[in-house]
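Examining the three-dimensional arrangement
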Amino acid sequence: MASAQGDVLADVRDGVATVTLNRPASLNALTLSMFHAIDAWLRSWRDSPEVRVIAFKGAGGKAFCAGGDVRQVRESHLAGEPVWKTYFVHEYAFDHGIYSYPKPIVALMDGITMGGGMGIAQGAALRIVTPRSRVAMPETAIGLFPDVGATVFLNRAPGQVGLYLALSGATIGAADALYAGLADACLGDEALAQLDGALRTAASGPDPRTAISRWAASAASEPPPGELAGMRQAIDRHFARDSVEAIINSLEHEPEPAAREWAARTRELLLRRSPTSLKVTLRQLHEGRGLALGDALRRELGMVRAAFDIGDVAEGVRAVLVDKDHRPRWQPATLAQVTPERVAAFFQPWWTPGEHPLRHL
Ligand code: QUE
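The notes below deal with the structure included here. Since this is a predicted model, take the numbers as computed values, not measurements. (Residues numbered from 1 in each chain as written. Predicted model: local features only at pLDDT ≥ 70, side-chain atom pairs only at ≥ 80, totals over all residues. Heavy atoms only, no water.)

**Regarding the pairing of strand S2 (residues 16-21)**
Regular strands place side chains that alternate from one sheet face to the opposite one. Here is the rule: Only protein chains enter the area calculation, which uses a 1.4 Å probe; residues under 20% of their type maximum are buried, those over 50% are exposed, and those in between are partly exposed. In this text, helices come from DSSP runs of H or I with a minimum length of four residues, and strands from runs of E with a minimum of two, each type numbered from the N-terminal end. Strand pairing is defined by DSSP finding a minimum of two bridges between the two strands. With its strands directed away from the observer, a crossover is right-handed exactly when the path from the first strand over the helix to the second travels clockwise.
In terms of burial, S2 is largely enclosed, as six of its six residues are buried. Neither face of S2 is left uncovered, since the one carrying Val16, Thr18 and Thr20 and the one carrying Ala17, Val19 and Leu21 both have all their residues buried. Across six bridges, strand S1 (residues 8-13) lies against S2 in antiparallel orientation. Bridge assignment links Arg13 to a residue of S2, and that residue is Val16. Connecting the antiparallel pair S1 and S2 is a turn made up of two residues, with Asp14 showing a positive phi of about 50°. Note: S2 against strand S3 (residues 53-58), six bridges, orientation parallel. Its bridge partner being in S3, Val19 is matched across the sheet by Phe56. The parallel pair S2 and S3, bridged by helix H1 (residues 32-46), forms a crossover whose chirality is right-handed.

Now the structure itself:
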């Protein structure tokens, strides 16, 4: 079983269905046709006695999934398509379906796992990282905001860690992903070599979900140390400030010598991000505390509509992924010029509740 273009593969064997994202040259970035293909498989596997466990993997050894294919989405947008309707509705509905799927889903977050890849992985019953994992929600770097349910999964991270990851787009490894609650277990190469067999054994038993979790806990190993735990007090201090300007100013005056290098690096990251994205993302996470996933995704759909209609995303994708000059011309270019009205436009009621394209989530 495979989709027409072979950009996603499926294999069913001994009770385990494996979905392989197969666009290695694009770091397995997600296209609409991939969502449609996987969606059709998940529907058929829901009631199939042949399938008791689902595993998501990435092809090529470098990435689980770098995100959505935002280059292609930008092309559609420039051609005049409403991409919130032609792409993001499908992505967000797909992500929502992962969380509520009746059979256990395992996500192997080996290598680069960012943006849309996180949207798939975070709904999985078991989120596996490895010492090669590079995890991030980097959307503020392209004039977007952390979507695909990040309103919920980043807000669940301890203290201000989620806001730090959301605003900075910082990349973290396995230890920090575990610390932030964005992964369940780190597996080394020896354990990874046993994964398929362990899933098949779990699939043949009475309770695959519990068996998989127990196996992962027993096979897990300690990843190389991360940085979040040591920086936690500094993160909480700076990112509890109530504006982006105050956070950046606070980072400039880090009192602890041990946190100064991190604070300077983080401030530099923030200064390169889209000023509009930063202010929108701060409000997104603040107002999104306690939102159910469906409500969060509905808000994110309105926000992504604004990001393409009035935001920086077309320019951000151009600078980072198309021309790769890494010199985006953000509009406006400074935080001071991002008015409350501009931020508010991202949160306007685009649809009445009964007409929202994601009303069924
Ligand atoms: C920020 C992002 C993304 C990004 C880079 C950023 C993102 C995304 C990709 C990406 C990577 C490789 C591809 C591709 C897209 O990069 O969301 O099509 O081949 O999908 O700095 O948010």
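**Notes on the nonpolar core**
Basically, it comes down to this: In this description, a nonpolar core means a group of buried Ala, Val, Leu, Ile, Met, Phe, Trp, Tyr and Cys residues linked to one another through side-chain atoms lying within 4.5 Å. Residue contacts follow a heavy-atom distance rule, with two residues in contact if any of their heavy atoms lie within 4.5 Å.
If you look at the biggest cluster of nonpolar residues, it comprises 98 residues, and the most contacted ones within it are Trp45, Ile54, Phe56 and Phe239. Among the elements that line this core, the one with the most residues is helix H14 (residues 293-309), at nine residues. The contacts of Phe56, once residues within four sequence positions are left out, are Val19, Ile38, Phe64, Phe94, Ile98, Ile105, Val106, Ala107, Leu108 and Ile120.

**What to know about the site of the ligand**
Short version of the rule: Throughout this document, a residue counts as near a molecule or strand when at least one of its heavy atoms sits within 4 Å of that molecule or strand. Whenever a nitrogen or oxygen atom comes within 3.5 Å of another N or O atom, the pair is scored as a polar contact, on the condition that within protein one atom can donate a hydrogen and the other can accept it, and that pairs from neighbouring residues in sequence are kept only if both atoms are in side chains. Methods summary: accessible areas were calculated by the Shrake-Rupley approach with a probe of 1.4 Å, and residue burial reflects only the protein chains presented.
The immediate surroundings of the ligand are formed by 14 residues, with Ser26, Gly68, Asp69, Arg71 and Ile142 found nearest. Measuring from an oxygen atom of the ligand, one finds a backbone N or O atom of Gly68 at 2.5 Å. The side chain of Asp69 places a nitrogen or oxygen atom 3.2 Å from an oxygen atom of the ligand. The fraction of the free accessible surface of the ligand (460 Å²) that becomes covered by protein chains is 88%.

**Re H14**
The condition is simple: The span expected for a helix works out to 1.5 Å for each residue beyond the first.
With 17 residues, H14 ought to run about 24 Å at 1.5 Å a step, and its terminal C-alpha atoms sit 24 Å apart, in line with that. In terms of burial, H14 is largely enclosed, as 14 of its 17 residues are buried.

**Re the sheet that holds S3**
Using the following cut-off: For helices, the axis comes from a line fit to the C-alpha atoms of the stretch in contact; other axes are also lines fit to C-alpha atoms, and the angle between any two N-to-C directions lies between 0 and 180 degrees.
Ordered by their spatial adjacency, six strands build an open sheet running S1-S2-S3-S5-S7-S9, and the pairing between neighbours is mixed. A single partner strand is all that each edge strand has here, and the edge strands are S1 and strand S9 (185-186). Where strand S7 (residues 126-129) lies against S9, two bridges are found, and the strand directions are parallel. Looking at the pairing, Ile128 lines up with Ala185 of S9. Most of the contacts of H1 go to S1, to which it runs at about 20°, and overall it touches S1, S2 and S3.

**A short note on helix H2 (residues 70-78)**
The test is simple: The reported arc concerns the directions from the helix axis to the C-beta atoms and nothing else.
Among the residues of H2, Val70, Val73, Arg74, Ser76 and His77 are the ones counted as buried. For H2, the angular spread of the buried residues around the axis is 160°, confining them to a single face. Buried residues belonging to H2 abut helix H3 (83-99), H14 and helix H15 (313-322). Gly80 sits one or two positions beyond H2 and adopts a positive phi of about 100°.

**Observations regarding the environment of Phe64**
On the secondary structure map, Phe64 appears in strand S4 (residues 63-65). A relative accessible area of 0% places Phe64 in the buried class. It is 10 Å that separates the C-alpha atoms of Phe64 and Gly116, two residues lying 52 residues apart in sequence.

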